[in-house]
Amino acid sequence: MKRYDDVFLYKLLRPLITILFKLLYRPKIVGVENIKSNGGIILAGNHNNNLDGAILISSTKRNIHFLAKIELFKGKMKIFFNNFGLIPVDRSKKDHKVLESAYEYLNNGKVIGIFPEGTFGRGKILPFKIGAVKMAYETGCEIVPFAITGDFRIFSKNLKIEFGKPIKIKSDDLEKENEKLRNIVVGMVNNNEHI
C-alpha cells in the first residue's frame, strides 16, 4: 500500500496542468461545488479521451487518486505514474487488491477518480463495471457523477465537464445501483450535447 501523500508529482504538476488546460482548451466547469472539500468521495463518469483525467485534475483542488491500468506502471514512465498517487489495476484478472487499496484511501478521506467503462467509449457510453458502486456501498462514501462533453481541439471552447449531485448507494442490489449511476451519467451527457 502506498502512502496517501505519495503524490509529489501531482502536487507539483497540478497548477501547471490547470493553467495549460484552461488556456488551451478553455473548458466550462459546472457543479464543482458538489465535490465536498474534505472526506472520502468517488468521482465517476464517462471516458472518451486520454485527457479526461487532466480535465478532472484541473477542475478541483483536491488530489484525485485515479484507478489506472497496471501497464502504466511499467517501462520508462513508471517513475512518473508511481509518484502521481495512482492506484494500479490489473485488468487481466479480478483484482481484489485494488478495491482494498481504494477502500483504504476512501476511509482516510481521499478522493478516488474512476471511469467505470474501464476503457474509452469512443462516442458512446459503454456498460459500467461495478467497482464505483461497490466502493461506495462498502465504505459509505458518496459518488459524484460527472459528464465530459465536447472535444479536445485546442481553442475549440466546446469542452465541458459537469459534476452532478452526490449520490449515496444504500441498496445492496449493486447491479441496479450501477445501472442507475450509468443512467445519470448518460442523461448528463445527453443534456449537455443538446445545448
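Fair warning: this is a prediction, and the values are worked out from it, not measured in the lab. (Residues numbered from 1 in each chain as written. Predicted model: local features only at pLDDT ≥ 70, side-chain atom pairs only at ≥ 80, totals over all residues. Heavy atoms only, no water.)

Asks: Explanation requested: the sheet that holds strand S3 (residues 64-69) in the structure shown.
Replies: Adjacent strands of a sheet pair through backbone hydrogen bonds, lying either parallel or antiparallel. Spatially, 7 strands are ordered S1-S7-S6-S2-S5-S3-S4 in an open sheet, and the strand pairing comes out mixed. Both edges of this open sheet fall to strand S1 (28-30) and strand S4 (87-89), since each of them pairs with a single strand only. Neighbour to neighbour, the strand axes of the sheet diverge by 20 degrees on average, direction disregarded. Of the strand pairs in this sheet, S3 and strand S5 (residues 111-114) are connected by 3 bridges, and their pairing is parallel. The residue bridging Ile64 from the neighbouring strand is Val111, located in S5. With respect to the sheet, helix H4 (residues 96-107) is in contact with strand S2 (41-45), S3, S4 and S5, its orientation differing from that of S4 by roughly 160 degrees. (Pairing = 2+ DSSP bridges. Helix = DSSP H or I, 4+ residues; strand = E, 2+ residues; numbered from the N terminus. Axes fitted to C-alpha atoms, helices over the stretch in contact; angles between N-to-C directions. Contact = heavy atoms within 4.5 Å.)

Asks: Can you walk me through a nonpolar patch on the surface in this structure?
Replies: A cluster of nonpolar side chains, contributed by Leu16, Ile19, Leu20, Leu23, Leu24, Ile154 and Phe155, occupies part of the molecular surface with about 660 Å² of accessible area. The topology assignment puts Leu16 in helix H1 (residues 8-24). Here Leu16 falls in the partly exposed class, since its relative accessible area comes to 47%. (Patch = residues over 30% accessible without salt bridge, like charges linked within 9 Å, V, L, I, M, F, W, Y side chains within 5 Å. Areas by Shrake-Rupley, 256 points an atom, 1.4 Å probe, with all protein chains shown as cover. Salt bridge = Lys/Arg side-chain N within 4 Å of Asp/Glu carboxyl O. Buried < 20%, exposed > 50% of the residue type's maximum accessible area, 1.4 Å probe, protein only.)

Asks: Mind showing me how you'd approach the environment of Leu181 here?
Replies: Looking at where Leu181 falls in the secondary structure, it is placed in helix H6 (residues 174-193). Judged by relative accessible area, which is 0%, Leu181 ranks as buried. Along the chain, Leu181 and Pro116 lie 65 residues apart, while their C-alpha atoms are 9.7 Å from each other. Sequence-distant contacts of Leu181, that is, excluding residues within four places in its chain, are made with Ala44, Phe128, Ala132, Val133, Ile143, Pro145 and Ile167.

Asks: Can you walk me through the pairing of strand S6 (residues 142-149) in this structure?
Replies: A regular strand places its side chains so that they alternate between the two faces of the sheet. With 7 of 8 residues buried, S6 lies mostly within the body of the structure. Strand direction decides the pairing type here: S2 and S6, joined by 5 bridges, are parallel. Pairing of Gly45 across the sheet is with Phe146, part of S6. Looking at chain direction, S6 and strand S7 (residues 160-163) are connected through 4 bridges and run antiparallel. Opposite Thr149, over in S7, you have Lys160 as the bridge partner.

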